[in-house]
Every structure is written in C-alpha cells, then in structure tokens.
Amino acid sequence: MVRLWKGILLFMLILTACQSMQKDAKEDLEISPEQLEKLIETQTTNGQQKQVSLPQFITQMEASLAQQPEDTALIYELAKVCYQQYIVDSAQLFLQKSNIYYDQVLEIDANYEMGKPYYNRMLVQGELGNYEAGLKDIASFVAINRGRTPVNHQAMEAELLYQQGNIDRACAVFEQAVAVAKAKNFPVGNTAIWEDRCAR
C-alpha cells in the first residue's frame, strides 16, 4: 500500500506546476480535476481494480498521514488534493484542510519544493479572502526563488491587491506582469478584464 501511495505521489509531483487563483484560470492547476480523477479512479487492491472517489482518496491519504505524520511529501500532496476537491465542489471544509496542510508543510520545511507551498497556499488564502496573508506568501515564494520564479507571480499579486481593494497598485503590478510575460514568454490571462478594471 505504501508503495502504491509513493507511486501516486511521484506521479502527482511530476505533474506539479504552479497555478492561478482565478476561477476562470483553473485549467492551469497543478493537476486538473479531470487528471486527478483519472489518476485515482482505479487503485489496484489484491490484483483487482477498485473505484475510489476523490473524498475517499483524501480519507485514505489522511489515514496514511496518521501513520507517517512527518512525511512532508504526503502532507504537501494532501494539501494539493484537498484544494482540488474544493475546486470541484466549493466545499469550505477542503479549503480549510488545504490551508492546514500547507501550514504543516511550511512548519516542517519553509523551503520545501523551492517555496511552491507558499505559492499554493497563496491560492488558498485568496479563496479564503485572506489577501494580506496571500501577499506575504507571494513575497516568501519570490524570496526563496531569488527572482527566478517559474511563474508570473506579479499577475497573482495584482489579483490579490485588486480583491483587497487596492486598485491603483493592482493595475500597476498587472502592468509589470504583462511586461514580464512579454520578456519571459509567460502566459498572462484576463487582459481584457484588467483593461476594464484599470480604465480611468
């Protein structure tokens, strides 16, 4: 069973990429809900295929975590899977769990996965309306990566600032995001929305 979890976790880590908080950008998630459902759809148990729902998968992962409470990789994957379940059904329980698990990962290792837990927790903070905490998580992510971030973090910073009500600063940061996108060939979505938001 442990080898199966390790295999699933390894596969999920390979698929990992940083994601966007906005609902209309969910296709950029580390693992799309469809990929995740396909991944956990079947598990081999005694040579037979067994159907497993995402909440059941989370329960099984939590049971494994009870046996290995310091397994950072397992906690990190559990945080991501809980966030995926929140995306699927908007259940606040899974959003809260995701936040708790990201906190645990960062308590164990603040530099884990080059700061990706900070970036991912920022997505959770944004959904929870904790915009200032989300901005701090972006700052931590950038500090760990020393400016070599694999994503256009300015776009997420702009979104958090906008949601916080800091419109002028949000528009200025989004302009930086567009400049970075052009220079580094990063995607920047929602430019039409931002044109409306920043129209004077």
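Visitor: Mind showing me how you'd approach the overall build of the chain here?
Guide: Each helix and strand counted, the chain has 10 helices and 2 strands in total. Here the chain, with 200 residues, has 48% of them falling under the buried criterion. About 10,100 Å² of surface is accessible on the chain, with carbon and sulfur atoms providing 51% of the total.

Visitor: Would you mind going over the packing of aromatic side chains with me for this structure?
Guide: The description of two aromatic rings rests on the distance between their centres and on the angle between their planes. Going through the model one piece at a time under the given rule, you end up with 6 aromatic pairs. Both rings, one in Tyr 76 and one in Tyr 102, keep their centres 6.1 Å apart while their planes meet at 65°; by these two values the pair is edge-to-face. Pair noted here: Tyr 76 is in helix 4 (residues 72-89) and Tyr 102 is in helix 5 (residues 92-108), with a separation of 26 residues, a long-range link. Taking the relative accessible area as the measure of exposure, Tyr 76 reaches 0% and is therefore buried. Taking the centre distance of 5.1 Å and the plane angle of 55° together, the rings of Tyr 119 and Phe 141 count as tilted. With Tyr 119 in helix 6 (residues 116-128) and Phe 141 in helix 7 (residues 131-145), this pair connects stretches of sequence that are 22 residues apart. Each member of the pair, Tyr 119 together with Phe 141, is buried. A connected cluster of aromatic rings, assembled from ring pairs, spans Tyr 76, Tyr 102 and Tyr 112.

Visitor: Is there a simple way to explain the packing of helix 6 against helix 7 in this structure?
Guide: Angle between the axes and distance between the axes: these two values describe a pair of packed helices. Packing of helix 6 against helix 7 leaves a shortest axis separation of 8 Å and a crossing angle of 165°. Here helix 7 runs roughly antiparallel to helix 6, going by the angle between their axes. In this structure, helix 6 crosses over helix 7, and the sense of that crossing is left-handed. Here Lys 116, Tyr 118, Tyr 119, Arg 121, Met 122, Gln 125 and Gly 126 of helix 6 come into contact with helix 7, specifically with Tyr 131, Ala 133, Gly 134, Asp 137, Ile 138, Ser 140, Phe 141 and Ile 144.

Visitor: It is not clear to me how the state of the cysteines should be interpreted in this structure. Could you clarify?
Guide: Each disulfide consists of a covalent bond between the sulfur atoms of two cysteine residues. Enumeration over the complete set of coordinates arrives at 1 disulfide. The residue that forms a disulfide with Cys 171 is Cys 198, at a sulfur-sulfur distance of 2.0 Å. Since a negative S-S torsion denotes a left-handed disulfide, the Cys 171-Cys 198 link at about -100° is left-handed. Here Cys 171, found in helix 9 (residues 167-184), pairs with Cys 198, found in helix 10 (residues 191-198); they are 27 residues apart in sequence, far enough to count as distant. Using a relative accessible area of 3% as the deciding quantity, one classes Cys 171 as buried.

Rules of the game
- Residues numbered from 1 in each chain as written.
- Predicted model: local features only at pLDDT ≥ 70, side-chain atom pairs only at ≥ 80, totals over all residues.
- Heavy atoms only, no water.
- Helix = DSSP H or I, 4+ residues; strand = E, 2+ residues; numbered from the N terminus.
- Buried < 20%, exposed > 50% of the residue type's maximum accessible area, 1.4 Å probe, protein only.
- Areas by Shrake-Rupley, 256 points an atom, 1.4 Å probe, with all protein chains shown as cover.
- Phe/Tyr/Trp six-rings, centres within 6.5 Å; stacked < 30°, edge-to-face > 60°.
- Axes fitted to C-alpha atoms, helices over the stretch in contact; angles between N-to-C directions.
- Parallel < 35°, antiparallel > 145°, perpendicular 65-115°, else oblique.
- Left-handed = near helix turned anticlockwise from the far one by under 90°.
- Contact = heavy atoms within 4.5 Å.
- Disulfide = S-S within 2.5 Å.

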